[in-house]
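# Descriptive analysis of the structure
Okay, here's what each chain looks like letter by letter:
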Amino acid sequence: MVIRTCARSSGAFMKLLYCYQNRDEQIKRARKAGRLTVGRLGFGVPEEMILAAGMVPVMICAERTSELSRADKYLEYSFAPKAKAWFDVLAGGGKSPLPDFVAAADSEDVVNRIYYYLREISRTEPDCGIPPLHFVDLLFSRHMMYQKWNYAALERFLGQLEEWSGRRISEEDLRRGMELVESRRTALLEISALRRCAEPKISGCEALVIIGSGFFMPPEEHAALVRELADEAHGWPSLEGRRVFFCGGAQEDTAVYEKIEAAGAVVVSEDHNWGDRCYERAAAKNAEPLKAIADKYMLAGVSAQKGLVAERVEALRAGVAACSAQSVVFYTDEYEEAASWDYPSQKEMLDGEGIGSVCFCKMKYPAENNAGLDKALSDFFRGEGRINAK
Amino acid sequence: MRSERAVKKLRATAEAAAYQKQWFRETQQRVESGEDFAYVNADVPMEILRAMDIPFVVNQWWAAICGAKQMTSKYFGLLREAGYRDDLCSYCATAFAESLDTDDRLSGPWGGLPSPTISITRLACDCQGKIFELFSKRHGAQLYTLENTVPRKLPLKWWELDWDNWEELYDTDRLDFAVEELRCLIRFLEEKTGRMFDINRLAEVMHLINEQESYYLKTRELIAKTSPAPVTVVDTINAVMQAQWQRGTQWAVDHAAGLYGEIKALAESGTAAVPNERYRLMWLGRGLWHDFAFYQNFEEKYGAAFVWSMYLAMGADAYIRNNVDADPLRALAARYIGMEDFLHCPPWNAQWFLKEAVHNNIDGVVYMVPENCMQAVEGSYFVKKTLEDAGIPVLIFRADPVDARKWNRDTMTALVEEFIEDRIMGGGKNG
Ligand code: SF4
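All values reported here derive from a predicted model rather than from experimental measurement.

### Quick word on the overall build of chain A
Summing up its helical and strand segments, chain A has 16 helices and 9 strands in all. What you see for chain A is a C-alpha radius of gyration of 20 Å, in line with the 21 Å of a compact globule of 390 residues. Each of the 390 residues in chain A was classed as buried or not, and the buried ones make up 63%. Across chain A, every contact between residues at least 6 apart in sequence was considered, and the portion connecting residues at least 24 apart equals 74%. Accessible area of chain A: about 14,400 Å², with a carbon and sulfur share of 51%.

Structural data, given as structure tokens:
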């Protein structure tokens, strides 16, 4: 299925695809415009606040072609491959230009570890070129005392952004940052509707491009293009194939979805940060901005890393029902371990609901390195098979 | 001659083992009579439970017992049968795996783990909460989790501040937060068990712990300055770890005092653990619970003795908190939030290992990085570099502390032998 001709004929889609594929250009464009950039390591780093500071948020992502020389030097074997690649980029091993500053948040444990390592390299090798770092210490257990802690963590981040940007950030600035993100969110909801409807108009691969391009372009521009595209996509041919919910590791590129969709399925929703999860929750409009932002990140959909098993089971049940998925594909790379503890309980729930599932864990990255994946997927979609590929 | 089983010679080690068995039997009886019983992770502030007289078992201690009893192959087989991966988080998942054993009362170590009513863990990695949740569900226990915050302040020599100047050591808001966490935990335990927490009792517990740990300090100092060393880690790891989980009791104080007395007597009589001691080795990482004899493999052939492990040294440096009476809860907060940071956060771990290596006159470091544990991803590059820059060679290898399935003693022995020959005899401090 990959990306269809109808999408490629859309001017709006092609602009999004360009930003999605040429991620480096975001920093180059910002530099040209004299704007400072802040790398976001982990999804808990609030982009609204970076925008409020007049800076450009840049999502740290894996460079597929990176040789990982820095990661191999500093990291233990048990870092997941994409996390290795994030580290490598930030430690100066990649080809991409580095952001001016980096903020990390504990949206997954591996980010803490990367932050510790970068901080230590910066301390011991002052000429290492790692941008100045800040840790946004958000907690995700849902209790009032953690919420209070999170408010304080964002106060500290605000202070750091003021220092980095050299300007005071007002409540009005924060509200403007929130509005930009909210506008993009509502535009993406239109895309979601076009995926989840009875006759999907947008494939999983196309959706990853539409959603993910938002990390690499100004939100107002992204929102406008997404709206334009949503209007056009109503007239696109409907997709046929088994409706799949994708559960597991974040997909920073379309490779895995390409394989799933080439095997005869359509990915209609997912629970990872490069898909539906990244925009599902809105920040409350009538609360104090900093608190609204903190709550948005703290209470976003239950993630594979921070959710407990029972929460993950219920989240999957709801996610599958919301998009009328017929099958679930569980997929995690090697050393992306946390979700593996959820899987048996999630599978049991799906079995009870009569929904077939297939599990791929310990997968190689990039996805092309997994011999047998294409066949395993097509076997699964061809039959009622419930295989557990290891 | 290599022995299959570790030769432990201290009375204190045997006494600790005997006490543990007896205590465990009593705990089983208390649970059978309907008392609440808690299962807690090692970094949980168990002093609160001690002060409330709630019986508890520590996850890592129990995993070590299961490992030593060679139960893990069976347990991880059960995990696999239940649809779980059997190659993840063995240290933390052993008890959950055991809970799948329908035969546990008969075949489990010491009659199996009694069913807890409470389980408590810290969310110091992404898997811990999930594993404790699954474990709790199997036993019908109520799960309680504590969060984990990240240190911003990093004074390099934490061991010079933690006994008295913890306000200087930690970010103030982290300490405030940890105290609040303790208050919430206390409230939960009070409601769950119907027992009221008594701050004066906690102060007593904290004093007992200070007394106990001060014996570990003396013991560590004694081993550091005595060569050949009177004991090796085979004696100290078990003796200290078992008593550490009984901390806050008079028994633990007496045991620590007895351990010190016994080692002192050995030192004074010139009795050496390895009479031909030529090289002093440091063991970094968790104990190799399924093969303690491994530590003794290098004694006869090379005179290489493992004299250092974190178990005794952490007791010496990381637990004592003076002036407890001013605010026992804050003193406890200042103990428990550091445990994760001291061991797993660079530069705190690397700097401490270096200080200890120099202090103990270490010739080489054998560093076991566990399989599949993100929490133990602790900057091994920085640890190795810090030690090697100081002229102390380091061997890093991967192994599992409790799961023996992938362990090959011959291969590992050959690896360490090669390290001793090439890096210590051939080029290290004495080379
Ligand atoms: S990652 Fe390590 S600390 Fe966390 S649950 Fe697994 S074994 Fe335990």
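### A closer look at the pattern of salt bridges
In the structure shown here, the tally under the stated rule is 63 salt bridges over all chains. When the shortest N-O distance is used, the salt bridge between Asp101 of chain B and Lys74 of chain B registers 2.9 Å. Taken together, the positions of Asp101 of chain B in the loop between α5 (90-99) and α6 (104-107) and Lys74 of chain B in helix α4 (residues 72-81) put the pair 27 residues apart, joining distant regions of the chain. Glu191 of chain B serves as the salt-bridge partner of Arg187 of chain B, at 3.0 Å between the closest nitrogen and oxygen. Linking Arg187 of chain B with Glu191 of chain B, this pair stays in helix α9 (residues 172-193), spanning 4 residues, or about one helical turn. No difference in accessibility class separates Arg187 of chain B from Glu191 of chain B, as the two residues are exposed. Through salt bridges with shared partners, a single network forms among Arg195, Arg196, Glu270, Asp276 and Glu280 of chain A.

### Re the environment of Tyr39 of chain B
All names here are of chain B. Summarising the element assignment, Tyr39 is placed in strand β1 (residues 38-40). Between the C-alpha atoms of Tyr39 and Val58, which are 19 residues apart in sequence, the distance is 6.0 Å. In this structure Tyr39 touches Val57, Val58, Asn59, Trp62, Ala95, Leu113, Pro116, Ile118, Ser119, Ile120, Phe132 and Phe135, once residues within four positions along its chain are discounted. Polar side-chain contacts of Tyr39 include one of 2.7 Å to the side chain of Asn59.

### Concerning the sheet that holds strand β1 (residues 37-41) of chain A
Residues and elements named next belong to chain A. Reading across the sheet, the 4 strands line up as β2-β1-β3-β4 and stay open at both edges, with parallel pairing between neighbours. Edge positions in the sheet fall to β2 (56-59) and β4 (133-136), since each has one partner strand and no second. Sheet twist, expressed as the mean angle between neighbouring strand axes with direction ignored, is 30 degrees. Across 4 bridges, strand β3 (residues 101-105) lies against β4 in parallel orientation. What sits directly across from Ala104, in β4, is Phe135.

### Re the environment of Val328 of chain A
Residue and element names in this part refer to chain A. Inspection of the secondary structure puts Val328 in strand β7 (residues 327-333). Judged by its relative accessible area of 0%, Val328 falls in the buried class. Along the primary structure Val328 and Tyr279 are separated by 49 residues, whereas in three dimensions their C-alpha atoms are 21 Å apart. Setting aside anything within four residues of it in sequence, one finds Val328 in contact with Phe245, Cys247, Leu316, Val320, Leu350, Ile355, Gly356, Ser357 and Val358.

### Thoughts on the site of the ligand
Every residue lining the ligand is accounted for by Cys89, Cys92, Cys125, Cys127, Gln128, Ile131, Cys373, Met374 and Gln375 of chain B. In terms of residue class, the shell around the ligand is built from 7 nonpolar, 2 polar and no charged.

### Re the packing of aromatic side chains
Applying the stated rule across the entire model yields 53 aromatic pairs over all chains. Both rings, one in Tyr115 of chain A and one in Tyr116 of chain A, keep their centres 6.4 Å apart while their planes meet at 45 degrees; by these two values the pair is tilted. Relative accessible area serves as the criterion here: at 9%, Tyr115 of chain A is assigned to the buried category. Ring centres of Tyr215 of chain B and Tyr260 of chain B lie 6.4 Å apart, and the angle between their planes is 40 degrees; this geometry places the pair in the tilted category. Remark: Tyr260 of chain B occurs in helix α12 (residues 250-268) and Tyr215 of chain B occurs in helix α10 (residues 199-225); sequence separation between them is 45 residues. Here the aromatic residues Trp283, Phe292, Phe294, Tyr295, Phe298, Phe306, Phe397 and Trp407 of chain B are joined through ring pairs into a cluster of three or more. Sitting over the ring of Trp149 of chain A, Arg156 of chain A keeps its end group 5.4 Å from the ring centre. Of note, Arg398 of chain B hangs over the ring of Tyr77 of chain A, and the distance from its end group to the ring centre comes to 3.5 Å.

### Observations concerning the confidence of the model for chain A
Of all residues in chain A, 98% attain a pLDDT of 70 or more, and the chain-wide mean is 94. In this model residues 385-390 of chain A is a low-confidence stretch, pLDDT under 50, and it forms 20 contacts with partners more than four residues away in sequence or in other chains.

### A few points about the domain arrangement of chain A
Residues and elements named next belong to chain A. You can read the domains of chain A as domain 1 (5-168) and domain 2 (172-382). A separation of 21 Å is found between the C-alpha centroids of domain 1 and domain 2. Taken together, the contacts link 55 residues of domain 1 with 57 residues of domain 2. Taken over both partners, the interface formed by domain 1 and domain 2 buries close to 4,900 Å², and the fraction arising from carbon and sulfur atoms is 66%. Summed over the shared surface of domain 1 and domain 2, the number is 19 residue pairs in polar contact (both at pLDDT 80 or more). Elements that contribute at least two residues to the side of domain 1 that touches domain 2 include exactly α1 (5-8), α2 (11-21), α3 (25-32), α4 (47-52), β2, α6 (81-90) and α8 (144-165).

### Topic: the interface of chain A and chain B
Between chain A and chain B, the contact holds 48 residues from the first and 56 residues from the second. The contact between chain A and chain B buries some 4,400 Å² in all, and 59% of this surface belongs to carbon and sulfur atoms. Between the two partners, chain A and chain B, sit 6 salt bridges. Of the residues forming the side of chain A that touches chain B, the biggest block, 11 residues, is contributed by helix α7 (residues 109-124) of chain A. Of the residues that constitute the side of chain A that touches chain B, the class distribution is 24 nonpolar, 7 polar and 17 charged.

### Let's talk about α7 of chain A
Between its first and last C-alpha atoms α7 of chain A spans 23 Å; for 16 residues at 1.5 Å apiece the expected length is 22 Å, and the two agree. Extensive coverage of α7 of chain A is indicated by the burial of 13 of its 16 residues.

What counts as what
Residues numbered from 1 in each chain as written. Chains lettered and ligands numbered in written order. Predicted model: local features only at pLDDT ≥ 70, side-chain atom pairs only at ≥ 80, totals over all residues. Heavy atoms only, no water. Helix = DSSP H or I, 4+ residues; strand = E, 2+ residues; numbered from the N terminus. Rg over C-alpha atoms; globule rule 2.2 N^0.38 Å. Buried < 20%, exposed > 50% of the residue type's maximum accessible area, 1.4 Å probe, protein only. Contact = heavy atoms within 4.5 Å. Areas by Shrake-Rupley, 256 points an atom, 1.4 Å probe, with all protein chains shown as cover. Salt bridge = Lys/Arg side-chain N within 4 Å of Asp/Glu carboxyl O. Polar contact = N/O pair within 3.5 Å; in protein donor to acceptor, adjacent residues only side chain to side chain. Pairing = 2+ DSSP bridges. Axes fitted to C-alpha atoms, helices over the stretch in contact; angles between N-to-C directions. Near = heavy atom within 4 Å. Nonpolar A, V, L, I, M, F, W, Y, C, P; charged D, E, K, R; others polar. Phe/Tyr/Trp six-rings, centres within 6.5 Å; stacked < 30°, edge-to-face > 60°. Lys NZ or Arg CZ within 6 Å of the ring centre and 35° of its normal. pLDDT = per-residue confidence, 0-100. Domains from an automatic or database assignment. Buried area = accessible area lost by both parts, 1.4 Å probe. Expected span 1.5 Å × (residues − 1).

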